[in-house]
Amino acid sequence: MLTLYHYWSSVCSQKVRFCLSEKGLDWNSRHIDLFGFEHWKPEYLKLNRMAVVPTLEHDGRIVTESNVIIEYLEDAFPGPSLRPGDAFLRARMRHWINLSEAEAHHNVNTCSYNLRHRPRLMQKYSIEEIRGLAHGHPNSDLRARMVQRAERGVGEEEEAAAYRALAALVDWMEESLSEGTWLAGDVFSLADVAMGPYVNRIEVLAHPEILAADAHPRVADWWARIRARPGFQQAFSFANPDASDPVKR
Ligand SMILES: N[C@@H](CCC(=O)N[C@@H](CS)C(=O)NCC(=O)O)C(=O)O
C-alpha cells in the first residue's frame, strides 16, 4: 500500500503525484497542512526529519526526497517505464531531475514567497506569533530564514536574481528540447515529471513571460503536451482542502 504525505500546491508533492499518476498507481492521501505547521509535529518528524513534504510510505517503509521518491517508484513498480533505455539519455534524465532541485526548486521558492507564501502566513498569524512559532522549527537555518522572510519578505535583488536564474533554466530547456521531443530524448521520462510542476508554477508567478512561446517555441510545445497528459491532469486536480486560502493554483 502507498500513502503520500503531501500538500496540495507544493511543487515537490506535485512532482510525486504526477509520477504516481503516470505509473498508474493507487495511493492514499495524507494531506499535511504546511500553513498549520503540521509538518513540524513530532509524529511527522519521525517520518521526515527535514520537516518537508513529500514523504512516501510503501508497505510501512518510508522514502523521502521527491527525486528519490520518483526514482523509487520507477524501480519498485512495473507499468509504463519512465526511464529511457539508453545510458546516455538516462544520464541526461538524471541531470534534469537534479536541475529541478538544484535550480528550479530554490528559485521558484524564492519567487513564490512574497506573492503566495507570505500573504497566506500573514492571513493566519501575526509577526509575533511567527517569531514564537519559529522556535519550534526543527532546522535552525530554516528557522532563521523563516523569521527574516516573514518580517521583511524576500528582497528585491534576491527575487530579481531568482527570476534571472529561472529564465536561464528555461533557455536551457529550449536547447535540450532541440535534441528530442522530451527533456531526455524522444521518450517521456522522469525528467519531464520533475520539471513539469516548476513550469506550472512559473506560469502563475510575476513573470510568466519567461515562458513566452516566441522566445521558447519548443518549451511552449512541450508544456502544452505535458498539460494534455491525463497523468498531469489527474495529479494537478488534487483540490485545496482550505477554501479560505487566497492561492487557488
Ligand atoms: N528536497 C526536498 C524539498 C522539499 C521541500 O522543500 N518541500 C516544501 C514544499 S515544496 C516544504 O515542505 N516546505 C515546508 C517548509 O519550508 O516549511 C524534496 O524534493 O522533497
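Below, the structure is looked at part by part. (Residues numbered from 1 in each chain as written. Predicted model: local features only at pLDDT ≥ 70, side-chain atom pairs only at ≥ 80, totals over all residues. Heavy atoms only, no water.)

## Some points on the overall build of the protein chain
A tally of helices and strands in the protein chain yields 10 helices and 4 strands. When the helices and strands of the protein chain are placed in sequence order, the string is β-α-β-α-β-β-α-α-α-α-α-α-α-α. Relative to the compact-globule value of 18 Å for 249 residues, the protein chain shows a C-alpha radius of gyration of 18 Å, a close match. Here the C-alpha coordinates of the protein chain stretch approximately 55 × 45 × 30 Å along the principal axes. Taking all 249 residues of the protein chain together, 49% fall into the buried category. By sequence separation, contacts in the protein chain at least 24 residues apart represent 72% of the contacts at least 6 residues apart. Charge-centre separation for the protein chain: the mean point of 29 positive side chains lies 4 Å from the mean point of 34 negative side chains. (Helix = DSSP H or I, 4+ residues; strand = E, 2+ residues; numbered from the N terminus. Rg over C-alpha atoms; globule rule 2.2 N^0.38 Å. Buried < 20%, exposed > 50% of the residue type's maximum accessible area, 1.4 Å probe, protein only. Contact = heavy atoms within 4.5 Å. Lys, Arg positive; Asp, Glu negative; His and termini not counted. Charge placed at Lys NZ, Arg CZ, Asp CG, Glu CD.)

## Details of the packing of aromatic side chains
By the definition in use, this model includes 11 aromatic pairs. Measuring from ring centre to ring centre gives 6.0 Å for Tyr-7 and Phe-35, while their planes differ by 55°; the resulting arrangement is tilted. With Tyr-7 in the loop between β1 (2-6) and α1 (11-23) and Phe-35 in the loop between β2 (28-31) and α2 (42-47), this residue pair connects regions lying 28 residues apart in the sequence. Relative to Phe-232, the ring of Trp-223 has its centre 5.5 Å away and its plane inclined at 90°; by these criteria the two rings are edge-to-face. No difference in accessibility class separates Trp-223 from Phe-232, as the two residues are buried. Within the aromatic cluster, the residues linked to one another by ring pairs are Phe-18, Trp-182, Phe-188, Trp-223, Phe-232 and Phe-236. (Phe/Tyr/Trp six-rings, centres within 6.5 Å; stacked < 30°, edge-to-face > 60°.)

## Side note on the sheet that holds strand β4 (residues 61-64)
An order of β2-β1-β3-β4 is seen for the 4 strands of this open sheet, with the pairing classed as mixed. Unpaired on one side and paired on the other, β2 and β4 mark the two borders of the sheet. For this sheet the average axis-to-axis angle between neighbouring strands, irrespective of direction, equals 20°. Pairing of β1 with β2, which is carried by 4 bridges, proceeds in the parallel orientation. Looking at the pairing, Leu-4 lines up with Ser-29 of β2. (Pairing = 2+ DSSP bridges. Axes fitted to C-alpha atoms, helices over the stretch in contact; angles between N-to-C directions.)

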